[in-house]
Amino acid sequence: IARGATNTMALTFAQELAKYNIQVNAVAPNFIESPTYFPTHLLENPDTYAKIVKPIPLKRLGKPEEPAELVAFLASDKADYITGQVMPFAGGWC
């Protein structure tokens, strides 16, 4: 529910703020390496790691810097025409 509300908020803000040339987007990361969600002992076990990445088409967890690069791009002048988008970031998982 929280993610859905955040996505709707981003879309609504994008529509409301576009007249001021303010772009609003949302990045929806999932399956990103993080000791909070994937403790080291789980990732070090090959069988457990294989189970974790099984539903991910790219068959790996994302690195924290990967969604950060997307956010940096969206905050740059190169993304001036991108607004109102929710961008899944999960190695092809949906």
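This structure is a prediction, so every number in the text was calculated from the model and none was measured. (Residues numbered from 1 in each chain as written. Predicted model: local features only at pLDDT ≥ 70, side-chain atom pairs only at ≥ 80, totals over all residues. Heavy atoms only, no water.)

**Re the overall build of the chain**
Our working definition: Secondary structure elements are taken from DSSP: a helix is a run of H or I of four residues or more, a strand is a run of E of two residues or more, and numbering for both begins at the N terminus. With the radius of gyration taken over C-alpha atoms, the globule rule is written as 2.2 Å times the number of residues to the power 0.38. Each residue's exposure class comes from its accessible area (1.4 Å probe, protein chains only) as a fraction of the maximum for that residue type: buried when under 20%, exposed when over 50%, partly exposed otherwise.
Each helix and strand in the chain was counted, giving four helices and two strands. Secondary structure elements of the chain occur, N-terminal to C-terminal, as α-β-α-α-α-β. Here the C-alpha atoms of the chain give a radius of gyration of 16 Å, more than 25% beyond the 12 Å that 2.2 N^0.38 yields for 94 residues. Counting across all 94 residues of the chain, residues that qualify as buried make up 22%.

**Focus: the side chain of Asn7**
Filter applied, for reference: Whether two residues are in contact is decided by their heavy atoms, any of which lying within 4.5 Å being enough.
Tracing the backbone through its elements, the reader meets Asn7 in helix H1 (residues 2-17). Its relative accessible area of 19% is what places Asn7 among the buried residues. With sequence-adjacent residues up to four places away left out, Asn7 is seen in contact with Ala26 and Val86.

**Considering the packing of aromatic side chains**
Test applied: Between rings of Phe, Tyr and Trp, where Trp is taken as its six-membered ring, a pair exists when centres lie within 6.5 Å; planes separated by under 30 degrees are stacked, by over 60 edge-to-face, and by other angles tilted.
For the structure shown, the criterion picks out one aromatic pair. Ring centres of Phe31 and Trp93 lie 5.3 Å apart, and the angle between their planes is 80°; this geometry places the pair in the edge-to-face category. Of this pair, Phe31 sits in the loop between strand S1 (26-29) and helix H2 (40-43) while Trp93 sits in the segment after strand S2 (86-89), and the two are 62 residues apart along the sequence. The partly exposed category is assigned to Trp93, whose relative accessible area is 34%.

**Describing the nonpolar core**
Which entries qualify depends on this criterion: Residues belong to a common nonpolar core when they are buried Ala, Val, Leu, Ile, Met, Phe, Trp, Tyr or Cys residues joined through side-chain atoms within 4.5 Å.
With six residues, the main nonpolar core is built from Phe31, Phe38, Ile52, Val53, Ile56 and Leu61. Once you skip the residues sitting within four places of it in the chain, Phe38 turns out to touch Phe31, Ile32, Leu43, Ile52 and Leu61.

**Remarks on the pattern of salt bridges**
Keep this limit in mind: Salt bridge, as applied in this entry: a Lys or Arg side-chain nitrogen positioned within 4 Å of an Asp or Glu carboxyl oxygen.
For the structure shown, the criterion picks out one salt bridge. The salt bridge involving Arg60 is made with Glu66; its shortest N-O contact spans 2.9 Å. Classification of Arg60 as partly exposed rests on a relative accessible area of 32%. Taking relative accessible area as the criterion, Glu66 reaches 25% and is therefore assigned partly exposed.

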